[in-house]
Amino acid sequence: MGIKKWIVQKGTIGSTARTVAKWYLALIAKHPTMGIVDLSKALIISRYALMPNSAHESTLLTLAETVDNLSILVEFILIVEAGFSEMALDDKELCREVIKEELLKYNIPQNIIFNSTR
């Protein structure tokens, strides 16, 4: 593994993916029939209860309506909070790889990570 990938894993990108994975597992344990959109909204509401920012929360709740999987949710959080959309294409691809690897470590079903039927 290169130093750049290691930094991405240990930094904001990997940390955000791990946080989403942990919140997802906690929410799905309590609400096993909840769909990905509702889970995403619940996760966002929980996230901003801990670190209030009404502008970010409002934007993410709107984006949550289009979430198909956890990878996209992590990207949306990073777009709003960390300027993910402004990264170079190669950097975005590395970040997407790390996001998926981090989510897989938590044994989340692949259809929830990569594609969901909502």
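Below: a short report on this structure. (Residues numbered from 1 in each chain as written. Predicted model: local features only at pLDDT ≥ 70, side-chain atom pairs only at ≥ 80, totals over all residues. Heavy atoms only, no water.)

### Observations regarding the overall build of the chain
- Regarding its fold elements, the chain presents seven helices and zero strands.
- Walking the chain from its N terminus toward its C terminus, one meets helices and strands in the order α-α-α-α-α-α-α.
- Across the 118 residues of the chain, 39% fall into the buried class.
- Contacts spanning at least 24 positions in sequence make up 64% of the contacts within the chain whose residues lie at least 6 apart.
- Summed over its atoms, the accessible surface of the chain is roughly 6,500 Å², and 56% of this surface lies on carbon and sulfur atoms.
- Positive and negative side-chain charges in the chain, numbering 13 and 13 respectively, have mean positions lying 5 Å apart. (Helix = DSSP H or I, 4+ residues; strand = E, 2+ residues; numbered from the N terminus. Buried < 20%, exposed > 50% of the residue type's maximum accessible area, 1.4 Å probe, protein only. Contact = heavy atoms within 4.5 Å. Areas by Shrake-Rupley, 256 points an atom, 1.4 Å probe, with all protein chains shown as cover. Lys, Arg positive; Asp, Glu negative; His and termini not counted. Charge placed at Lys NZ, Arg CZ, Asp CG, Glu CD.)

### Digging into a nonpolar patch on the surface
- There is a patch of nonpolar side chains on the surface, built from Met 1, Ile 3, Trp 6 and Ile 7 and spanning about 500 Å² of accessible area.
- The exposure class assigned to Trp 6 is partly exposed, which follows from its relative accessible area of 43%. (Patch = residues over 30% accessible without salt bridge, like charges linked within 9 Å, V, L, I, M, F, W, Y side chains within 5 Å. Salt bridge = Lys/Arg side-chain N within 4 Å of Asp/Glu carboxyl O.)

### Regarding the pattern of salt bridges
- The full count for this structure, using the stated rule, is nine salt bridges.
- Lys 4 serves as the salt-bridge partner of Asp 91, at 2.5 Å between the closest nitrogen and oxygen. In this pair, Asp 91 is assigned in helix α6 (residues 89-104) and Lys 4 in helix α1 (residues 3-10), connecting sequence segments 87 residues apart.
- Take Lys 4: its relative accessible area is 48%, and that puts it in the partly exposed class.
- We note a salt bridge from Glu 102 to Lys 105, for which the minimum N-O separation is 3.0 Å.
- Judged by relative accessible area, Lys 105 falls into the exposed class, the value being 54%.
- What emerges from the salt-bridge pattern is a single network uniting Lys 5, Glu 97 and Glu 101.

### Some thoughts on the nonpolar core
- Leu 70, Leu 73 and Ile 108 are the most contacted members of the largest nonpolar core, which has 33 residues in total.
- Among the elements of the structure, α2 (12-30), α3 (36-50), α4 (54-64), α5 (70-82), α6 and α7 (110-114) are those that each provide at least two residues to this core.
- With residues near it in sequence (within four places) discarded, Leu 70 still touches Val 20, Tyr 24, Ile 36, Leu 103, Ile 108, Ile 112 and Ile 113. (Core = buried A, V, L, I, M, F, W, Y, C linked by side-chain atoms within 4.5 Å.)

### Considering the packing of α5 against α6
- Axis separation between α5 and α6 bottoms out at 10 Å; the angle between their running directions is 125°. Put simply, α5 runs oblique to α6. The chirality of how α5 crosses α6 is right-handed. Along the contact surface, α5 presents Leu 70, Ser 71, Val 74, Glu 75 and Leu 78, while α6 presents Arg 96, Ile 99, Lys 100 and Leu 103.
- Grouping the amino acids of the contact of α5 with α6 by side-chain chemistry returns five nonpolar, one polar and three charged. (Axes fitted to C-alpha atoms, helices over the stretch in contact; angles between N-to-C directions. Parallel < 35°, antiparallel > 145°, perpendicular 65-115°, else oblique. Left-handed = near helix turned anticlockwise from the far one by under 90°. Nonpolar A, V, L, I, M, F, W, Y, C, P; charged D, E, K, R; others polar.)

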